[in-house]
Amino acid sequence: MENKKKLVIGVIGADVHAVGIQILDHAFTDAGFEVTNLGVMVSQEEFIAAATETAADAIMVSSLYGHGELDCRGLRDKCNEAGLKDILLYVGGNIVVGKQPFDEVEVRFKKMGYDRVFGPGTAPEETIACLKEDFNL
Amino acid sequence: MKPILMIDFGSTNTKVTAVDLEEGKLLGTAASYTTIQTDINDGLENALKKLHEKLGGELDYAAKYACSSAAGGLRMIASGLVPELTAEAARQAALGAGAKVMKTYSYELTDDDAEEIAAIKPDIFLLTGGTDGGNKDNIIQNAQVVAGIDADFPVLIAGNRAAVRTCQKILEESGKQVMITENVMPRFNELNIEPAQSKIRELFLDRIIKAKGLSQASQLISGIMMPTPAAVLAAMELLSKGTEEQKGLGELVAVDVGGATTDLYSMTDGAPDRAGTVLKGLPEPFAKRTVEGDIGMRYSAAGIVEAAGMKRISLLSGLDEDRCWELLDLITEDTSTMPDTDELKAFDKALASMAVKTGLTRHAGTVEKVYTPMGEAWVQSGKDLSRVDKIIITGGSLIHGEPEDVRDIASHALYNLAEAASLKPRNADVLVDKEYILSAMGLLSQYEPDIALKIMKKELISYGTAQ
Ligand code: B12
């Protein structure tokens, strides 16, 4: 029980889309992860504070309203600064404005320091498979 | 008649309050000046003599209960991991237990911190950090630092349960007395401070009282010694919530402006008043206490001026600024100065007004408007006090004032447009603890809550509505 991998999840920035994150909370919990769900309108600082106290293994950032590119920038640097050196960072949702080629979007977010980037409509199962791979479960 | 006695050992005063349990009424109160040098029992004897003179004879008390803030009160240090999470939870736990929080540390303790802690010599060190199953490294590292401090104080561990035993071992090997209790934040953003508070009370009883020379007094006493602020907090909670038989007054705030510090209490869940507001930060305890260490009428008068500005004090008092600076020097140099001239009265009233304002502003939550692509939204941190409609005024420096003056001073606790973000009460009835009985009623509430509530309802005098 104590050895569950710990995830901090939330919707970043001024984003209020509350449904998707709830679904992810259930899906990840059912898949055997320990989830700390920060809900909507979460700042980078709140992600980091929660990950620090809970000794999280990954931060899962959701963004739906199109401002993801601005909101997500700098999170990796702040994690490094806060001593969360090797924490896994995932991002998903509708993370950019409008429809853009996903491979370009992915490159931009990976440059920002995200380990995995998920496009619109990603099923939770796909993300869970990636988590298991990254944690060697 | 079945009289009982409540004693409040203060740093400068010993107060006694006699209550008749049969009639459920206040018999009388008296106070006697005490100094650190004089034996605490002399103060008690003097106060009792005064009380019995007033009452026309000695009484045979069925019980004696006491609280104490003597010898600096219960001095604590709190430590946690993230400042706004476990460190804040630890601080809240200590404040709610009636402690004077000398310092709050977050993240790793440094060698400099260790020196500072050794110099402070707290009565209790509260060690926390990490949610259950969360971060372990930080609390263990800090246990190591605390173990290395060459000063004798007990350590209460209330952190990540997965790390608690390791911390205990480290600390016990260094000869420190250790107590363990539940995590102040077992899960992210979940406040669990009552277990730590009851352990703090135990430690206060079996260690602190002896150390502070109160054990002799405690032999005269039949029931609990608690820190005075914890007693006041208990009284306020009872007054607000009521008992099974009697209704309480509902949501309220209380202000105690002292010579060195200002204590604020709020009894409300502080949930957002405005629909669609998102709450940020730690959940708030229903019964919350904060202390402003830099706000007080004498020792900390300069702190009031720093917070409010001398211009404001000058405007409020009608005295010119230069004169205000002179008066400030006067009262901080001689902290026993009484407001016995019109000038000093006006100056004190202005100071008290700004003490109340600053204290309440810091105690109350704030709301921030954020602009989202969809329009405006609100984010609240801390408690929303805007619905609260009662202000209790207590503390020696305010309760003896003229009703209009006290009402004016209390009105500075209210919301004003200039600080629209601050969630202070919109308007409120002012109730004054004229007989200065709140700590006594807090003690009594532990045994006879109905009588304590009945007495408070009768003895707290309404000075009208503050506007
Ligand atoms: C309902 C809704 C709203 C509601 C939200 C109510 C609420 N409190 O939840 C309201 C009306 C408030 C709203 C407002 C806005 N919305 Co809207 N909204 C939607 C809508 C119709 C459905 C969202 C939803 O709940 N989906 C169901 C859930 C289950 O799916 P999901 O959120 O996508 O999440 C899943 C996956 O994306 C994924 N996922 C999500 N996050 C992450 C993170 C990781 C790490 C991973 C792996 C996976 C993952 O897993 C989730 C579960 O399966 C979508 C369109 C759509 N059909 O998606 C638009 C949509 C998201 N909204 C949009 C916009 C533009 C807005 C507004 C800016 C509109 C405006 N101009 O006012 C505002 C923004 C408000 C704000 N500050 O956030 C756009 C975003 C476009 C973009 N990104 O370029 C969309 C896509 C509509 C569109 N096609 O234009 N919206």
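About the thresholds
- Residues numbered from 1 in each chain as written.
- Chains lettered and ligands numbered in written order.
- Predicted model: local features only at pLDDT ≥ 70, side-chain atom pairs only at ≥ 80, totals over all residues.
- Heavy atoms only, no water.
- Donors = N, O, S within 2.8 Å, 3.2 Å for Na, K, Ca; no water.
- Helix = DSSP H or I, 4+ residues; strand = E, 2+ residues; numbered from the N terminus.
- Contact = heavy atoms within 4.5 Å.
- Buried area = accessible area lost by both parts, 1.4 Å probe.
- Salt bridge = Lys/Arg side-chain N within 4 Å of Asp/Glu carboxyl O.
- Polar contact = N/O pair within 3.5 Å; in protein donor to acceptor, adjacent residues only side chain to side chain.
- Expected span 1.5 Å × (residues − 1).
- Disulfide = S-S within 2.5 Å.
- Domains from an automatic or database assignment.
- Nonpolar A, V, L, I, M, F, W, Y, C, P; charged D, E, K, R; others polar.

Asks: Let's hear about the coordination of the cobalt atom of the ligand: which residues, and what values?
Replies: Its sole protein donor being A:H17 (NE2), the cobalt atom of the ligand sits 2.3 Å from that atom. Looking at the secondary structure, you find A:H17 in the loop between strand 1 (6-11) and helix 1 (19-30).

Asks: Tell me about the interface of chain A and chain B, and name the residues and values.
Replies: A common way to report how large an interface is uses the accessible area buried once the components associate. Counting residues at the interface gives 18 residues for chain A, matched by 21 residues for chain B. Taken together, the two surfaces of chain A and chain B that pack against each other cover about 1500 Å², and 65% of this comes from carbon and sulfur. Inspection of the chain A/chain B interface yields 1 salt bridge. For A:E46, the salt bridge is made with B:K280, and the minimal N-O distance between the two is 3.6 Å. At the boundary of chain A and chain B, one finds 8 residue pairs in polar contact (both at pLDDT 80 or more).

Asks: So what's going on with helix 1 of chain A? Residues and values would help.
Replies: Residue and element names in this part refer to chain A. For helix 1, spanning 12 residues, the distance from its first C-alpha to its last is 17 Å, which sits close to the expected 16 Å at 1.5 Å a residue. Contacts made by the buried residues of helix 1 are with strand 1, strand 2 (34-37), strand 3 (58-63) and helix 6 (124-134). With its phi angle positive at about 100°, G32 sits one or two positions after the end of helix 1.

Asks: Break down the state of the cysteines for me, citing the residues and quoting the values.
Replies: What the rule picks out here adds up to 0 disulfides over all chains. Among the cysteines around A:C130, which has no disulfide bond, A:C72 carries the closest sulfur, lying 17 Å off.

Asks: Quick rundown of the domain arrangement of chain B? Include the residues and the values.
Replies: Residue and element names in this part refer to chain B. Each assigned domain of chain B is listed here: domain 1 (4-71 + 212-223), domain 2 (74-205) and domain 3 (235-465). Relative to domain 3, the C-alpha centre of domain 2 lies at a distance of 29 Å. Taking both partners together, domain 2 and domain 3 bury about 850 Å²; carbon and sulfur atoms supply 57% of that area. At the boundary of domain 2 with domain 3, the tally comes to 0 salt bridges. Where domain 2 packs against domain 3, one counts 3 residue pairs in polar contact (both at pLDDT 80 or more). Considering each element in turn, the side of domain 2 that touches domain 3 owes the most residues, 6 residues, to helix 2 (residues 83-96). Looking at the side of domain 2 that touches domain 3, its residues break down into 7 nonpolar, 3 polar and 3 charged.

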